[in-house]
Amino acid sequence: AAGVIQSPRHLIKEKRETATLKCYPIPRHDTVYWYQQGPGQDPQFLISFYEKMQSDKGSIPDRFSAQQFSDYHSELNMSSLELGDSALYFCASTKTGGLETQYFGPGTRLLVL
Amino acid sequence: GNSVTQMEGPVTLSEEAFLTINCTYTATGYPSLFWYVQYPGEGLQLLLKATKADDKGSNKGFEATYRKETTSFHLEKGSVQVSDSAVYFCALSEGNALNFGKGTSLLVTP
């Protein structure tokens, strides 16, 4: 079965640079979620989208923004990167606006030098 | 707000031992409860879930029961294998997001 696809899988950036992470949900899933998992930490919810509209917001820094496109893929844009942004970024998707099981992608590992 | 508390790891067991990883939660309302597993270097995989009180989720020999009276969702497996070595996260649904516990690392030795 098709799974959530994230790209790139690994990314290395310098401080103050920008990064864009992409997420392609499971086909026919209309909701995507972004999580950040620091080293040795639990995943923290950043933001979610349902039918291309932001549906919920968590601990996403103001330097980050995200959107969902008409084909339901989503992009997380990160600017003015800081060392502390180094983490594993997960995208998850569900079929409805919420309360359904979230299926996670493999994650993008971002390293900020 | 809602929160999840898991027993701290690491937990080290011998193969075929019995496993229990405790998870308790605080929540307003009646959230769904989940266990996710993360193998080394990989993403999160749903292991099992329960959506209402007294529901039992089970998968791959693991099981957990949603206990409203004790606000718990403990993960159990009767006989662990080396391949079960991973980090296990208890989580609850909070609106449109998942609220995770800190994770419990499990190491199973031959």
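Our subject is the structure that appears above.
Keep in mind that what you see is a predicted model, and the values were worked out from it rather than measured. (Residues numbered from 1 in each chain as written. Chains lettered and ligands numbered in written order. Predicted model: local features only at pLDDT ≥ 70, side-chain atom pairs only at ≥ 80, totals over all residues. Heavy atoms only, no water.)

Things to note about the overall build of chain B
For step 1, the next point in the chain: From N to C terminus, chain B includes zero helices and 12 strands.
For step 2, the next point in the chain: Tracing chain B from N to C terminus, the helices and strands come up as β-β-β-β-β-β-β-β-β-β-β-β.
For step 3, the next point in the chain: Relative to a compact globule of 110 residues, whose C-alpha radius of gyration would be 13 Å, chain B shows 13 Å and is just as compact.
For step 4, the next point in the chain: Considering only C-alpha atoms, chain B reaches an extent of 45 × 25 × 20 Å along its principal axes. (Helix = DSSP H or I, 4+ residues; strand = E, 2+ residues; numbered from the N terminus. Rg over C-alpha atoms; globule rule 2.2 N^0.38 Å.)

Things to note about unusual backbone geometry
For step 1, the next point in the chain: For the peptide bond that leads from serine 7 of chain A to proline 8 of chain A, omega is -10°, which places it in the cis range.
For step 2, the next point in the chain: Relative to the helices and strands, proline 8 of chain A resides in the loop between β1 (5-7) and β2 (10-13).
For step 3, the next point in the chain: Looking along the chain, the bond that leaves glycine 9 of chain B and enters proline 10 of chain B is cis, with omega of -5°.
For step 4, the next point in the chain: Structurally, proline 10 of chain B can be placed in the loop between β1 (3-6) and β2 (11-14).
For step 5, the next point in the chain: The phi torsion at arginine 16 of chain A lies on the positive side, around 75°, for a residue other than glycine.
For step 6, the next point in the chain: Within the chain, aspartate 54 of chain B stands out as a residue other than glycine whose phi angle is a positive 75°.
For step 7, the next point in the chain: Along the polypeptide, aspartate 54 of chain B turns up in the loop between β6 (44-50) and β7 (56-59).

A short note on the sheet that holds β1 of chain A
Residue and element names in this part refer to chain A.
For step 1, the next point in the chain: Read across the sheet, four strands follow the order β1-β3-β8-β7 without closing on themselves; strand pairing throughout is antiparallel. Looking at the sheet topology across the chains shown, the edges are occupied by β1 and β7 (64-68). The sheet shows a mean angle of 15° between the axes of neighbouring strands, direction not considered.
For step 2, the next point in the chain: As paired elements, β7 and strand β8 (residues 74-78) share five bridges and run antiparallel to each other. Bridged to glutamine 67 within β8 is glutamate 75. (Pairing = 2+ DSSP bridges. Axes fitted to C-alpha atoms, helices over the stretch in contact; angles between N-to-C directions.)

Some points on the state of the cysteines
Residue and element names in this part refer to chain B.
For step 1, the next point in the chain: Enumeration according to the criterion identifies two disulfides over all chains in this entry.
For step 2, the next point in the chain: Disulfide partner of cysteine 23: cysteine 90, at an S-S distance of 2.0 Å. Across the S-S bond linking cysteine 23 and cysteine 90, the dihedral sits near -70°, which makes this disulfide left-handed. With cysteine 23 in strand β4 (residues 23-26) and cysteine 90 in strand β10 (residues 86-94), this residue pair connects regions lying 67 residues apart in the sequence. Judged on exposure class, the residue cysteine 23 and its partner cysteine 90 are both buried. (Disulfide = S-S within 2.5 Å. Buried < 20%, exposed > 50% of the residue type's maximum accessible area, 1.4 Å probe, protein only.)

Quick look at the interface of chain B and chain A
For step 1, the next point in the chain: Taken together, the 17 residues of chain B in the interface contact 20 residues of chain A.
For step 2, the next point in the chain: Interface area for chain B against chain A, summed over the two sides, is near 1500 Å², with a carbon-plus-sulfur share of 51%.
For step 3, the next point in the chain: When the buried surface of chain B facing chain A is broken down by residue, Leu44, Asn96 and Phe100 of chain B rank first, second and third, together holding 37% of it.
For step 4, the next point in the chain: Inspection of the region where chain B meets chain A yields one salt bridge.
For step 5, the next point in the chain: The salt bridge involving lysine 102 of chain B is made with aspartate 42 of chain A; its shortest N-O contact spans 3.3 Å.
For step 6, the next point in the chain: Applying the counting rule to chain B against chain A returns five residue pairs in polar contact (both at pLDDT 80 or more).
For step 7, the next point in the chain: Secondary structure elements with two or more residues in the side of chain B that touches chain A: β5 (33-38), β6, β10 and β11 (97-100) of chain B.
For step 8, the next point in the chain: Residues that form the side of chain B that touches chain A fall into these classes: eight nonpolar, five polar and four charged. (Contact = heavy atoms within 4.5 Å. Buried area = accessible area lost by both parts, 1.4 Å probe. Salt bridge = Lys/Arg side-chain N within 4 Å of Asp/Glu carboxyl O. Polar contact = N/O pair within 3.5 Å; in protein donor to acceptor, adjacent residues only side chain to side chain. Nonpolar A, V, L, I, M, F, W, Y, C, P; charged D, E, K, R; others polar.)

A look at the sheet that holds strand β9 (residues 75-77) of chain B
Residue and element names in this part refer to chain B.
For step 1, the next point in the chain: Pairing within the open sheet is antiparallel, and its four strands lie in the order β3-β9-β8-β7. At either margin of the open sheet sits one strand with a lone partner, and together these are β3 (19-21) and β7. The mean inter-strand angle of the sheet, taken between neighbouring strand axes irrespective of direction, is 15°.
For step 2, the next point in the chain: By the bridge criterion, four bridges tie β7 to strand β8 (residues 62-65) in an arrangement that is antiparallel. Its bridge partner lying in β8, glycine 57 is registered against alanine 64.

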